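# Structural description and commentary
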Amino acid sequence: MKKCSHTAHHSLTELNITPLLDLAFVLLVIFIITTIPPVAEEDLKLPSAVRQMKDPPPKAVYISVLGDGTLFLDTKKAADAADLLVTLIDRRTKDPDLNVIVRGDAKTKYKQIRAVLDACQQANVPNVKLATDPLTK
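We now turn to the structure provided with this report. Predicted, not measured: the structure shown is a model, and the values here were computed from it. (Residues numbered from 1 in each chain as written. Predicted model: local features only at pLDDT ≥ 70, side-chain atom pairs only at ≥ 80, totals over all residues. Heavy atoms only, no water.)

Before going further, it helps to examine the nonpolar core. With 19 residues, the main nonpolar core has I63, L84, L88, V100, V116 and C120 as its most contacted residues. For this core, the secondary-structure elements that each account for two or more residues are β1 (60–65), β2 (71–73), α3 (81–94), β4 (99–104) and α4 (110–122). Considering each element in turn, this core owes the most residues, five residues, to α4. The residues touching L88, leaving out its near neighbours within four places in the chain, are I63, L98, V100, A119, C120 and A123. (Core = buried A, V, L, I, M, F, W, Y, C linked by side-chain atoms within 4.5 Å. Buried < 20%, exposed > 50% of the residue type's maximum accessible area, 1.4 Å probe, protein only. Helix = DSSP H or I, 4+ residues; strand = E, 2+ residues; numbered from the N terminus. Contact = heavy atoms within 4.5 Å.)

A few words now on the pairing of β1. For β1, a buried count of five out of six residues is recorded, marking the element as mostly surrounded by other parts of the structure. Where β1 and β4 come together, six bridges link them in parallel fashion. Residue pairing for β4: S64 is matched across the bridge by R103. Direction of pairing for β1 relative to β2: antiparallel, over a ladder of three bridges. Its bridge partner lying in β2, S64 is registered against F72. Hairpin geometry of β1 and β2 is characterised by an intervening segment of five residues between the two adjacent antiparallel strands and by a positive phi of about 95° at G69. (Pairing = 2+ DSSP bridges.)

What follows covers the sheet that holds strand β3 (residues 76–78). Strand order in the open sheet formed by five strands is β3-β2-β1-β4-β5, and the pairing between neighbours is mixed. Each edge of the sheet is formed by a strand with only one pairing partner; in this case those strands are β3 and β5 (127–130). Strand after strand, the sheet turns through a mean of 25° between neighbouring axes, direction not considered. In this fold α3 packs onto β1, β2 and β4, with an angle of close to 15° to the strand it touches most, β2. (Axes fitted to C-alpha atoms, helices over the stretch in contact; angles between N-to-C directions.)

With that settled, consider the pattern of salt bridges. A full pass over the atoms with the stated rule returns two salt bridges. D90 is the salt-bridge partner of K94, the closest N and O atoms lying 3.5 Å from each other. Of this pair, K94 and D90 both sit in helix α3, four residues apart, roughly one helical turn. D118 is the salt-bridge partner of R114, the closest N and O atoms lying 2.7 Å from each other. With R114 and D118 both in helix α4 and four residues apart, this pair spans about one turn of that helix. Taking relative accessible area as the criterion, D118 reaches 29% and is therefore assigned partly exposed. (Salt bridge = Lys/Arg side-chain N within 4 Å of Asp/Glu carboxyl O.)

Before going further, it helps to examine unusual backbone geometry. A positive phi angle, near 60°, is found at N124, a position not held by glycine. One can find N124 in the loop between α4 and β5.

Put into structure tokens, the structure is as follows:
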């Protein structure tokens, strides 16, 4: 005589892991939320550098970005990032070791500096540096 059917015996041997997975995901979410440090909104005073002054590269091209987004290539006013890109490509073809130093005003938005860095990258400029003021103590 049979004590239990095959289906009843089969269902007892299976382990339902859905609640275990739910618990694991809840613990993972709690762990992620508690370990991420909160980002404080603070006024940043960037950039600053060490006291030691470095000599500029011998063939440096200076790109200055004013607070209102006006671009200057050396001392000539460049209209926008597209004109800057054309000029950088022209200078890069003439000088493969072109050095560019980007100088930004303290009130310049990061988006404008990023546009200049993108233009330098598209022109394949090998050396791009950001100008900073030395720390004074």
